[in-house]
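Close look at the chain arrangement
What follows is the residue order along each chain.
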Amino acid sequence: SWGILIGLSVVFSAAGIYLSSVAGEHLGDEGHYLIQAQSLVCDGDLDLRNDLRKEFDEQDLKRIPRGRMHIADNSRGEHWYSWHPFGLSLLLAPLWPLGMTARQIALALMAAAGCAGMFLLSRRAGASRRAALVATLGLGLSVYWFVYALRSLPEVLGASLLVWVFWAIAAQKSQPWLSAVVAVGCVVYLPFAHAR
């Protein structure tokens, strides 16, 4: 599983750095997660209104519907909070000063950790090493996993957490304390990482 973690981390990092340098980092909903990470670093909060002021003047902010900016309807007063969960942004925030490359490496590690968990889960379920490797590479190199592994989006983080929850369930009998720690950590963080 260490080989899978390291090998896929390198593959996902290289592909993510290339794609983000060519296409940019703001494809789809990525900007919503990145602005939350930036706000955590620059302001120490998740209030996005002052961060959006850097892009839009006050008149624009009054004209643009909050829903179009993915601002939660229950944001109070002048505070604007995203309706997107902040778990991924929280993990990316410490790396913000290091730039896009550091963020891509972190995203790659999250995706590769999910694949390593898939390998261990397959082995625990009785699959041979070869079958577990085929299943793991089938997941990790699939179009959906591969593309989402390169982007600042929470789907792969959420799926990785779920893989480790299932590993913890399977490992509960032989490793009760470790599996409990892994399961509790993943289950507690999952709503903050991916709420869909």
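Residues numbered from 1 in each chain as written. Predicted model: local features only at pLDDT ≥ 70, side-chain atom pairs only at ≥ 80, totals over all residues. Heavy atoms only, no water.

On to the packing of aromatic side chains, then. Enumeration according to the criterion identifies four aromatic pairs in this entry. An angle of 45 degrees between the planes, with centres 5.5 Å apart, marks the rings of Phe86 and Phe192 as tilted. Residue Phe86 is found in the loop between helix H4 (58–63) and helix H5 (87–92), and its partner Phe192 is found in helix H10 (residues 176–193); the two are separated by 106 residues along the sequence. A connected cluster of aromatic rings, assembled from ring pairs, spans Phe86, Tyr189 and Phe192. Arg103 extends its terminal NZ or CZ atom over the ring of Trp96, reaching a point 4.2 Å from the ring centre. (Phe/Tyr/Trp six-rings, centres within 6.5 Å; stacked < 30°, edge-to-face > 60°. Helix = DSSP H or I, 4+ residues; strand = E, 2+ residues; numbered from the N terminus. Lys NZ or Arg CZ within 6 Å of the ring centre and 35° of its normal.)

Of all hydrophobic cores here, the largest spans 19 residues; its most connected members are Leu88, Leu92, Met110, Leu157 and Leu161. Listing elements by their share of this core, those giving two or more residues are H5, helix H6 (100–124), helix H9 (155–171) and H10. Apart from residues no more than four positions distant in its own chain, Leu161 is found in contact with Cys186, Tyr189, Leu190 and Ala193. Counting 14 residues, the second-largest nonpolar core is a separate cluster that includes Phe12, Ala15, Ala111 and Ala112. (Core = buried A, V, L, I, M, F, W, Y, C linked by side-chain atoms within 4.5 Å. Buried < 20%, exposed > 50% of the residue type's maximum accessible area, 1.4 Å probe, protein only. Contact = heavy atoms within 4.5 Å.)

This next bit is on the side chain of His194. Mapping His194 onto the fold places it in the segment after H10. Beyond its immediate chain neighbours, meaning those up to four positions away, His194 contacts Pro85, Pro154, Glu155 and Gly158.

Following both chains from N to C, one finds helix H1 (residues 2–23) and H6 inclined at 145 degrees, their axes separated by 7 Å at the closest point. By crossing handedness, the relation of H1 to H6 is classed as right-handed. Contacts between H1 and H6 involve Ile4, Leu5, Leu8, Ser9, Phe12, Ser13, Gly16, Ile17, Ser20 and Ser21 from the former and Met100, Thr101, Gln104, Ile105, Ala108, Leu109, Ala111, Ala112, Ala113, Cys115, Ala116 and Phe119 from the latter. Of the residues assigned to the contact of H1 with H6, the class counts are 15 nonpolar, seven polar and no charged. (Axes fitted to C-alpha atoms, helices over the stretch in contact; angles between N-to-C directions. Left-handed = near helix turned anticlockwise from the far one by under 90°. Nonpolar A, V, L, I, M, F, W, Y, C, P; charged D, E, K, R; others polar.)

Turning next to the state of the cysteines. Between two cysteines, a covalent bond joining their sulfur atoms is known as a disulfide. One pass over the structure, following the stated rule, counts zero disulfides. Summary of cysteine pairing: Cys186 is not part of a disulfide, and the nearest cysteine sulfur, belonging to Cys115, is at 15 Å. Given a relative accessible area of 9%, Cys186 falls into the buried group. (Disulfide = S-S within 2.5 Å.)

A separate point is the side chain of Gln104. Relative to the helices and strands, Gln104 is located in helix H6. For Gln104, a relative accessible area of 1% corresponds to the buried category. At a separation of 3.4 Å, a polar atom in the side chain of Gln104 contacts the main-chain carbonyl oxygen of Leu150. Excluding residues that lie within four positions of it along the chain, Gln104 makes contacts with Ser13, Gly16, Ile17, Ser20, Glu25 and Leu150. (Polar contact = N/O pair within 3.5 Å; in protein donor to acceptor, adjacent residues only side chain to side chain.)

Let us look at a nonpolar patch on the surface. On the surface, Val143, Tyr144, Val147 and Tyr148 cluster together into a nonpolar patch covering about 430 Å² of accessible area. Residue placement: Tyr148 occurs in helix H8 (residues 143–149). (Patch = residues over 30% accessible without salt bridge, like charges linked within 9 Å, V, L, I, M, F, W, Y side chains within 5 Å. Areas by Shrake-Rupley, 256 points an atom, 1.4 Å probe, with all protein chains shown as cover. Salt bridge = Lys/Arg side-chain N within 4 Å of Asp/Glu carboxyl O.)

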